[in-house]
Amino acid sequence: MLIPFLFYGCTSKQISAAYQNTKDASWVAITDEVTWGSALGAAALYATYDDDITQHYIKHNIFDSNIDENLRTINNLTMYASALAVEKDTNEQKVKRVTVDFIGSATARGTTTTLNKIIKKESPVGDEEYAIGSHHALDPFAKSALTRRNVSDMSSPLWFKYSINTVSYLSASGSAFTRVQEGGHSVADQLVSASIGNFIGLFFYELFLKETNNLQSIQTSFDENKVMLTTRWTF
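These lines cover the structure that appears in this document, whether it is placed above or below. (Residues numbered from 1 in each chain as written. Predicted model: local features only at pLDDT ≥ 70, side-chain atom pairs only at ≥ 80, totals over all residues. Heavy atoms only, no water.)

## Some words on a nonpolar patch on the surface
Consideration 1: On the surface, Ile62, Phe63 and Ile67 cluster together into a nonpolar patch covering about 250 Å² of accessible area.
Consideration 2: Tracing the backbone through its elements, the reader meets Phe63 in the loop between α4 (50–59) and α5 (68–84). (Patch = residues over 30% accessible without salt bridge, like charges linked within 9 Å, V, L, I, M, F, W, Y side chains within 5 Å. Areas by Shrake-Rupley, 256 points an atom, 1.4 Å probe, with all protein chains shown as cover. Salt bridge = Lys/Arg side-chain N within 4 Å of Asp/Glu carboxyl O. Helix = DSSP H or I, 4+ residues; strand = E, 2+ residues; numbered from the N terminus.)

Structure follows, in structure tokens:
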């Protein structure tokens, strides 16, 4: 019942275009080196020394765990700042870009929560059963992917673009690693989350921002303690 509802009112041409755009966005996201590289790295570690490496860093911390929130804040701010810094965007397009970035990062967060519920994998220290799906890795890497695409749309000097991407990915990596040190996830677990997060971030950009005209309108409404965001898309 869900599929007919989603495409209610769409012509066969619109449905075909939406399907093709979705397929193209998925292909770009899955063939990105961060997506497949992280997945291959996780597979290699699971098959070899993931437990040994993880236990080593649990005993020998590199980062102060208290830095985690700061790293995630930097990662989050970098995404929104880059969304607003694309010179070619009109004010309306900036709103569209920020909205898509917000929805993409919210989707990443929802995906993490869902993975926690459906995949039961014991953490390295054995006190949790949701080691696959990390808010400290999947969410930040989705934001870093969106930041990378925002940066690619800028007309700034290359050194400035590289600097922003470096800050974004270092903050995402640092956030992910703090949870390894705490024993919540193994190194391979975090690479899985990084791969999924990168896929989600690139997918949302390719589907909704590569052609910014797809997002036709944005409306907000307020109902007691709830804020409702309504968007209208065309393909």
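Let us keep going from here.
## Looking at the environment of Glu33
Consideration 1: Looking at where Glu33 falls in the secondary structure, it is placed in helix α3 (residues 33–46).
Consideration 2: The sequence separation of Glu33 and Asn198 amounts to 165 residues, and the corresponding C-alpha distance is 9.6 Å.
Consideration 3: Ignoring sequence-local partners within four residues, the contact set of Glu33 consists of Ser38 and Arg148. (Contact = heavy atoms within 4.5 Å.)

## Observations regarding the side chain of Ser175
Consideration 1: Secondary-structure assignment places Ser175 in helix α8 (residues 158–182).
Consideration 2: Given a relative accessible area of 0%, Ser175 falls into the buried group.
Consideration 3: Not counting the four nearest positions on each side in its chain, Ser175 is found in contact with Asp68, Leu71, Arg72, His136 and Pro140. (Buried < 20%, exposed > 50% of the residue type's maximum accessible area, 1.4 Å probe, protein only.)

## Things to note about the packing of aromatic side chains
Consideration 1: With the rule as written, the count across this model stands at seven aromatic pairs.
Consideration 2: Where Phe204 meets Phe208, the ring centres are 5.8 Å apart and the plane angle is 55°; that geometry is what we call tilted. In this pair, Phe204 and Phe208 both sit in helix α9 (residues 187–209), four residues apart, roughly one turn of the helix. This pair shows no difference in class: Phe204 is buried, exactly as Phe208 is.
Consideration 3: Taken together, Phe199, Phe203, Phe204 and Phe208 form an aromatic cluster joined through their ring pairs. (Phe/Tyr/Trp six-rings, centres within 6.5 Å; stacked < 30°, edge-to-face > 60°.)

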